[in-house]
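# Structural features, examined
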Amino acid sequence: MKTSKLFSVVAIALLSLSLSSCVKKDFDAPPSTNVDPAITPNRTIAQLKTLADTAGTIRRIDEDLIISGVINSDDRSGNIYKTIIFQDATAGILINVDINNFYGLYPKGRKIFVKCQGLYIAYVKGVVQLGVLDNSGTQPALGRVPQALIDLHILRGVWGQPVATKVIALDSITNYNRAYENMLLTVNNVQFKQSALGLT
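Here's what I pulled together on the structure shown here. (Residues numbered from 1 in each chain as written. Predicted model: local features only at pLDDT ≥ 70, side-chain atom pairs only at ≥ 80, totals over all residues. Heavy atoms only, no water.)

## Observations concerning the overall build of the chain
Rules: Counting from the N terminus, the helices are the DSSP runs of H or I reaching at least four residues and the strands are the DSSP runs of E reaching at least two. To measure how exposed things are, a 1.4 Å probe is used in the Shrake-Rupley method; for residues, cover is taken only from the protein chains shown.
Looking only at helices and strands, one finds four helices and eleven strands in the chain. For the chain, the exposed area adds up to about 13200 Å²; of that, 55% sits on carbon and sulfur atoms.

Structure (structure tokens):
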């Protein structure tokens, strides 16, 4: 009899203890990833592009140069391949990266900061690009930043940023203004002949 009473008291005590431990606690929310890193750009994209040699020389960036911009297109549609294209108010540029399907981390509208020191800059097919030195061929070439090094050079900032479109006149395109490379542009009041539809 005494044993069953003792068992009942112990059971009630354990039940009370377990119920009292079911108190809702406030947990810390995980830190937001929708923030800019603690880094300050010290060059505009237009300033950085002046380092590229029009003769096609691949130049190493040895200075501690940092640029920033908003990604204006990504590889979700399948039209962009292993290049992150971004722009600031002054110009646009692309950086060659050795990753596929990067739109999850680097979607259109995300701000990024690029630490350029150690990267290379060059005109490739007439367009200024960033990358690494590729010595695998018969001559040095501008290669893609390996996946292991991407986070060292490209820092992700806030996403959902509007991509500013620059409104230009049609003759600015026909006269080919290099300042508009890799930028999102708007051309108003343009008409095309029926025979020109579908052509490049």
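Past the structure itself, the notes keep going.
## Remarks on the packing of aromatic side chains
Heads up, the condition is: The rule is short: rings of Phe, Tyr and Trp, with Trp giving its six-membered ring, pair when the centres are within 6.5 Å, and they are stacked under 30 degrees, edge-to-face over 60, tilted in between. Here's how the labels work: a residue is buried when its accessible area is under 20% of the maximum for its type, exposed when over 50%, partly exposed in between, all with a 1.4 Å probe on protein chains only.
Tallied over the full model, the rule gives one aromatic pair. Both rings, one in Phe-102 and one in Tyr-106, keep their centres 6.4 Å apart while their planes meet at 65°; by these two values the pair is edge-to-face. For Phe-102, a relative accessible area of 3% translates into the label buried.

## Let's talk about the pairing of strand β7 (residues 127-134)
Selection rule: A pair of strands counts as paired when DSSP detects no fewer than two bridges linking them.
The sheet contact formed by strand β4 (residues 92-96) and β7 spans two bridges and is parallel. For Ile-95, the partnering residue across the bridge sits in β7 and is Leu-130. Pairing between strand β6 (residues 120-124) and β7: five bridges, direction antiparallel. Its bridge partner lying in β7, Tyr-120 is registered against Gly-131. Counting the residues that bridge the hairpin from β6 to β7 gives two residues, and of these Lys-125 lies at a positive phi of roughly 55°. The pairing of β7 with strand β8 (residues 141-143) spans three bridges and is antiparallel. In the sheet register, Asp-134 faces β8, and the bridge partner there is Ala-141. Hairpin connection, β7 to β8: the antiparallel pair is bridged by six residues.

## Quick look at the environment of Phe-102
Positionally, Phe-102 belongs in the loop between β4 and β5 (111-115). Separated by 27 residues in sequence, Phe-102 and Asp-75 place their C-alpha atoms 6.7 Å apart.

## Looking at the nonpolar core
The line we're drawing: Residues grouped as a nonpolar core are buried Ala, Val, Leu, Ile, Met, Phe, Trp, Tyr and Cys residues, joined through side-chain atoms within 4.5 Å.
Counting residues in each nonpolar core, the largest one holds 32 residues, and the members touching the most others are Leu-48, Ile-84 and Phe-86. For this core, the secondary structure elements donating two or more residues are α2 (45-49), β2 (66-73), β3 (83-87), β4, β5, β6 and β7.

## Some words on the pairing of β4
Counting buried residues in β4 gives five out of five residues, a clear majority hidden from the surface. The side-chain alternation of β4 yields two buried faces, one formed by Gly-92, Leu-94 and Asn-96 and the other by Ile-93 and Ile-95. Where β3 and β4 come together, five bridges link them in antiparallel fashion. Across the sheet, Ile-85 pairs through a bridge with Leu-94, a residue of β4. With antiparallel pairing between neighbouring strands as the criterion, β3 and β4 make up a hairpin whose turn holds four residues.

Such coordinate-based values are descriptive only and should not be taken to indicate function.
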